Amino acid sequence: MTYASGVTYWEQFLPGLTIVFLAIAVLPWLSRDNSWIRTGVIALCLFVSWRYLLWRIGFTLPPLGLTLDYAAGLIFVVVETLAMIGGTLSLLFLTRTINRTPEVERNLPWVRSLPRPPLVDVLICTYNEDESILERTVIGALALDYPNFRLWVCDDGRRAWLEKLCEQHGCGYITRPDNAHAKAGNINNALAHLASLPETPDFISILDADFVPKSTFLKRTMSLMRDENVGIVQTPQHFFNPDPIQTNLSMTRVWPDEQRYFFGVVMPAKDAWGCAFCCGTSSLIRFGPLMKIGGFPTDSVTEDYLLTLRLKETGFRTVFLDEILSLGLAPEGLKEYITQRSRWALGFMQIVRGASGPFRIGNGLSFIDRVGLVETFLHWSMTFTFRALTLIVPAIYLLFDIQAVYANVGDAISYFAPAFAAQIAVATWISRGRLIPIMSDLSQLLCADAIIKSCAIGLFKKQGHKFKVTAKGRSRAVKSIQWPLLRSFFPYLFLTVAGILWSFVLDDTRPLADASGMALLWSWYNIALLLLACFVAVEAADRRGSERFNVNRTGLLATPSGTQWYQIADISVSGMRFKGAAPAALGTPVHVRYDNLDVAATVARIGKDNFAVHFAESPANRKALIQHVYAGPYHAEVHDVRPSRVATALLARVFR
């Protein structure tokens, strides 16, 4: 098949197919840890990406004039260009990466040899979380394998039951009469209290109310404080529950949570460039430098990122340790997921316009810090705006003949296909499959409207920005529908479907070889994306009593008839599942001995080739199980990401 110029579509597809072939044949054999190789791969990707963008700017704009075509085309290409600049900066940061685990191993003997280990005050910040969440965090934190720490609960909810819980477990309780400056104010109130004590801490550690530290958390983060220029050690946020995208698309076992790309790929790269930043929870911070800058900044709702900048201005840097050293709750519902990301966007806009922004001269930030801030600014402000425009542009062309892109299918294939293929290949290779375009587009689409609004508020509204807490621990016992979000997708879906029907059913005069063909392909992709977003807006029920973790080790089970080793399938604070035939009838008392556990239980369920036991309920058992399960070696991360399994799960969710 050919189009007007006589060039076949096969010839137009050839550059893109070449990129696909090279990616399949070469990338699996290349080392992601080699900076030169990363740079070469990313340079090729940037070359074909900018080849496409220069074509867009130079050859696809509508004719200059006071027309709707030109206005739409100019807006779209400006946003696309700014998004491309942000994406380019992101890729440039990804040319390097660093793994600080070897440094930790080298420094651990130093930590152990200190005659007086530095005093660490661990602060658990809470506002409205449930007792079960806080009990889990307090008990888990008390199991920290570090000889010199104090535990404090900073309660911005002023709850009598929480003060009693702290007394029961022997940890400190700090509150205040108001909630000024939200989380930052809560922490600063605690810092003032710590500064007034006879023995002040050398370091503080921040934990959100739902984050349980692993027992090794303080030892391993402290080892990086051997460098006296390190002001903050940040660790990744890992979760013991799936996020709403995983849950609502039934992808818990095949697709990682959305934060895995950020913490597993982006943050090690930022750290390699000296641009790692504090993410709040699961961090270790020097107390002295923190107090010298007046505590946590209060002029942004993302006080953690701003803290990194303020400490940098005084000569202290942030490093990132990519190890699973804590587990917390991911947003359990879509509303909370969007609220959290909207707050991040709002807070960053406040930073950009503030004293530590990238365009403020004389604030002590380095050039690379400023580049990192610009890259993040473009991510929040332009990436999500571009995603919204990609839904609108083809629809207004098919419905109203407002043509923002003057191009035919052949040229679009020739320039766009290589760029798209290269971006997919590099993203998949460098992230080990944790970034797939349609999933990335979906997560952007879900938050696009809210984040665009937050960016506008942060940039143009000087005061009145409220800190919106991400609700945790809410009941998800029944299926629910996020109607406000679903209704926001309907106009996009209606316009897209109406555009296709109008242009190719009611009016069949448009040739597929011109811009109409490109708009048709584009619209079908948008429909698929919008339908997936609608499925995500239908919240799946979650009836689990507690989180379960895979084990795949053996444990000893004692029954009235004897003892026997069994393969353990999974564990939770309420019970354990074993592989094999049940050794006794339902209700039979048994005893589980595994690792540091020695717990009474009863046989609770018998299956064809497995059985489960329910642990006896007592305060001592609960404490031991919480510390074993949440502060132990378990996690819920999906390591083996295969696009084929992701596609199968998506199709099963859509057609079941």
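Scroll up for the structure.
Note that this is a predicted model, so its numbers are computed, not measured.

Reading the values: the criteria
Residues numbered from 1 in each chain as written. Predicted model: local features only at pLDDT ≥ 70, side-chain atom pairs only at ≥ 80, totals over all residues. Heavy atoms only, no water. Helix = DSSP H or I, 4+ residues; strand = E, 2+ residues; numbered from the N terminus. Rg over C-alpha atoms; globule rule 2.2 N^0.38 Å. Buried < 20%, exposed > 50% of the residue type's maximum accessible area, 1.4 Å probe, protein only. Contact = heavy atoms within 4.5 Å. Areas by Shrake-Rupley, 256 points an atom, 1.4 Å probe, with all protein chains shown as cover. Lys, Arg positive; Asp, Glu negative; His and termini not counted. Charge placed at Lys NZ, Arg CZ, Asp CG, Glu CD. Patch = residues over 30% accessible without salt bridge, like charges linked within 9 Å, V, L, I, M, F, W, Y side chains within 5 Å. Salt bridge = Lys/Arg side-chain N within 4 Å of Asp/Glu carboxyl O. Phe/Tyr/Trp six-rings, centres within 6.5 Å; stacked < 30°, edge-to-face > 60°. Lys NZ or Arg CZ within 6 Å of the ring centre and 35° of its normal. Axes fitted to C-alpha atoms, helices over the stretch in contact; angles between N-to-C directions. Parallel < 35°, antiparallel > 145°, perpendicular 65-115°, else oblique. Nonpolar A, V, L, I, M, F, W, Y, C, P; charged D, E, K, R; others polar. Core = buried A, V, L, I, M, F, W, Y, C linked by side-chain atoms within 4.5 Å. Pairing = 2+ DSSP bridges. Polar contact = N/O pair within 3.5 Å; in protein donor to acceptor, adjacent residues only side chain to side chain.

Asker: Just to check I follow, could you spell out the overall build of the protein for this structure?
Answerer: If you tally the helices and strands in the protein, you get 20 helices and 18 strands. The C-alpha atoms of the protein give 27 Å as radius of gyration, which agrees with the globular expectation for 656 residues (26 Å, within 12%). Overall, the protein is about 80 × 65 × 45 Å in size when its C-alpha atoms are taken along their principal axes. Residues classed as buried in the protein amount to 56% of the 656 residues present. In the protein, of all internal contacts separated by at least 6 residues, the share reaching a separation of at least 24 is 77%. Surface summary for the protein: the accessible area is close to 28600 Å², and the carbon and sulfur share equals 61%. Charged side chains of the protein number 63 positive and 54 negative; the gap between the two group centres comes to 2 Å.

Asker: For this particular structure, what's the right way to read a nonpolar patch on the surface?
Answerer: Residues Val497, Leu501, Trp502, Val505 and Leu506 make up a contiguous nonpolar surface patch of about 490 Å² in total accessible area. Relative to the assigned elements, Val505 resides in helix α17 (residues 483-506). Accessibility expressed as a relative area gives 55% for Val505, which makes it exposed.

Asker: Just checking my understanding: could you explain the packing of aromatic side chains for this structure?
Answerer: The geometry of two aromatic rings is summed up by the distance between their centres and the angle between their planes. Throughout the structure, instances matching the rule amount to 20 aromatic pairs. Their ring planes at 65° and their centres at 5.1 Å tell us that Phe240 and Tyr630 sit as a pair that is edge-to-face. Taken together, the positions of Phe240 in the loop between β7 (238-239) and α9 (244-248) and Tyr630 in helix α19 (residues 619-630) put the pair 390 residues apart, joining distant regions of the chain. The same class applies to Phe240 and to Tyr630, which are both buried. Residues Phe262 and Phe277 carry aromatic rings whose centres are separated by 5.9 Å and whose planes lie at 45° to one another, so their mutual orientation is tilted. Highlighted residues: Phe262 in helix α10 (residues 259-272) and Phe277 in the loop between α10 and β8 (283-286), separated in sequence by 15 residues. Accessibility expressed as a relative area gives 22% for Phe262, which makes it partly exposed. Ring pairing ties together the aromatic residues Phe262, Phe263, Phe277, Tyr305, Phe320 and Phe348, which thus form one cluster. The positively charged end of Arg136 is found above the aromatic ring belonging to Tyr630, 5.1 Å away from the centroid.

Asker: I'm lost on the packing of helix α16 (residues 437-460) against α17 in this one. Help?
Answerer: Between two packed helices, what matters for the description is the angle formed by their axes and the separation of those axes. Between α16 and α17, the least distance of the axes is 11 Å, while the angle of their chain directions is 100°. The angle between α16 and α17 falls in the class roughly perpendicular. Across the interface between the two elements, Leu445, Leu446 and Asp449 from α16 touch Leu485, Ser488, Phe489 and Tyr492 from α17. When its residues are assigned to classes, the contact of α16 with α17 shows five nonpolar, one polar and one charged.

Asker: Please clarify how the nonpolar core should be interpreted in this entry.
Answerer: Burial of nonpolar side chains together is a common tendency in soluble globular proteins. Grouped together as the largest cluster of nonpolar side chains are 85 residues, with contacts concentrated most on Leu249, Met251, Phe348, Met439, Leu442 and Leu446. Of the residues forming this core, the biggest block, 14 residues, is contributed by helix α14 (residues 367-400). In contact with Met439, not counting residues within four places along its chain, are Ile245, Leu249, Met251, Trp255 and Leu650. Among the nonpolar cores identified, the runner-up in size contains 31 residues, and Phe203, Phe217, Val230 and Val233 belong to it.

Asker: Please clarify how the pairing of strand β6 (residues 230-234) should be interpreted in this entry.
Answerer: The element β6 is extensively covered by neighbouring structure, given that five of its five residues are classed as buried. Pairing analysis gives three bridges linking β6 to β8, with the strands arranged antiparallel. Looking at the pairing, Val233 lines up with Leu284 of β8.

Asker: For this particular structure, what's the right way to read the sheet that holds strand β10 (residues 326-328)?
Answerer: Within a sheet, adjacent strands bond to each other through the backbone by hydrogen bonds, running parallel or antiparallel. A sheet is described by the order of its strands in space; here three strands give the open sequence β5-β10-β7, paired in mixed fashion. The sheet is open, and its two borders are formed by β5 (212-213) and β7, each paired with just one other strand. Of the strand pairs in this sheet, β5 and β10 are connected by two bridges, and their pairing is antiparallel. Following the sheet pairing, Val212 is matched in β10 by Leu327.

Asker: Looking at this structure, I do not really get the pattern of salt bridges. What am I missing?
Answerer: Pairing between side chains of opposite charge can happen when their charged atoms approach one another. Evaluation of the coordinates by the stated rule reveals 26 salt bridges. Taking the shortest distance from any N to any O, the salt bridge between Arg100 and Glu103 comes out at 3.0 Å. Note that Glu258 is salt-bridged to Arg341, the shortest N-O span being 2.6 Å. Here the residue Glu258 occupies a position in the loop between α9 and α10, and Arg341 occupies one in helix α13 (residues 334-352), the gap between them amounting to 83 residues. Residue classification places Glu258 among the partly exposed residues on the basis of a relative accessible area of 30%. When its relative accessible area of 5% is taken as the criterion, Arg341 is described as buried.

Asker: Before we go on, may I ask you to explain the environment of Leu389 in this structure?
Answerer: Of note, Leu389 is situated in helix α14. The class of Leu389 is buried, set by a relative accessible area of 18%. For the pair Leu389 and Glu80, spaced 309 residues apart in sequence, the C-alpha separation works out to 9.2 Å. Setting aside residues up to four positions removed in sequence, Leu389 forms contacts with Ile75, Phe76, Val79 and Pro394.

Asker: Hey, could you run me through unusual backbone geometry in this one?
Answerer: When glycine is set aside, most residues are seen to have a negative phi, and most peptide bonds are trans. Phi at Ser250 is positive, roughly 55°, even though this residue is not glycine. Considering the arrangement of structural elements, one finds Ser250 in the loop between α9 and α10. With phi around 60°, Asp401 is a residue other than glycine that occupies positive phi space. With respect to the secondary-structure elements, Asp401 resides in the loop between α14 and α15 (409-430).

Asker: I keep staring at the side chain of Gln234 and nothing clicks. Help me out?
Answerer: Turning to its location among the elements, Gln234 is positioned in strand β6. Within the structure, Gln234 has its side chain in polar contact with the backbone nitrogen of Cys279 (distance 2.7 Å).

Asker: Is there a simple way to explain the environment of Leu218 in this structure?
Answerer: Turning to its location among the elements, Leu218 is positioned in helix α8 (residues 217-223). A residue is classified by how much of its surface remains accessible, and Leu218, at 1% relative accessible area, is buried. When near neighbours in sequence (up to four residues on either side) are disregarded, Leu218 contacts Val120, Val122, Leu144, Tyr146, Phe149, Ser205 and Leu284.

Asker: Sorry if this is basic, but what is going on with the sheet that holds strand β18 (residues 610-615) here?
Answerer: With antiparallel pairing, six strands are arranged side by side around a closed barrel as β13-β14-β15-β18-β17-β16. If you compare each strand with its neighbour and ignore which way they point, the axes differ by 45° on average. Sheet topology places strand β13 (residues 549-559) next to strand β16 (residues 589-594); three bridges connect them, and they run antiparallel. Paired with Ala558 across the strands is His591, a residue of β16.

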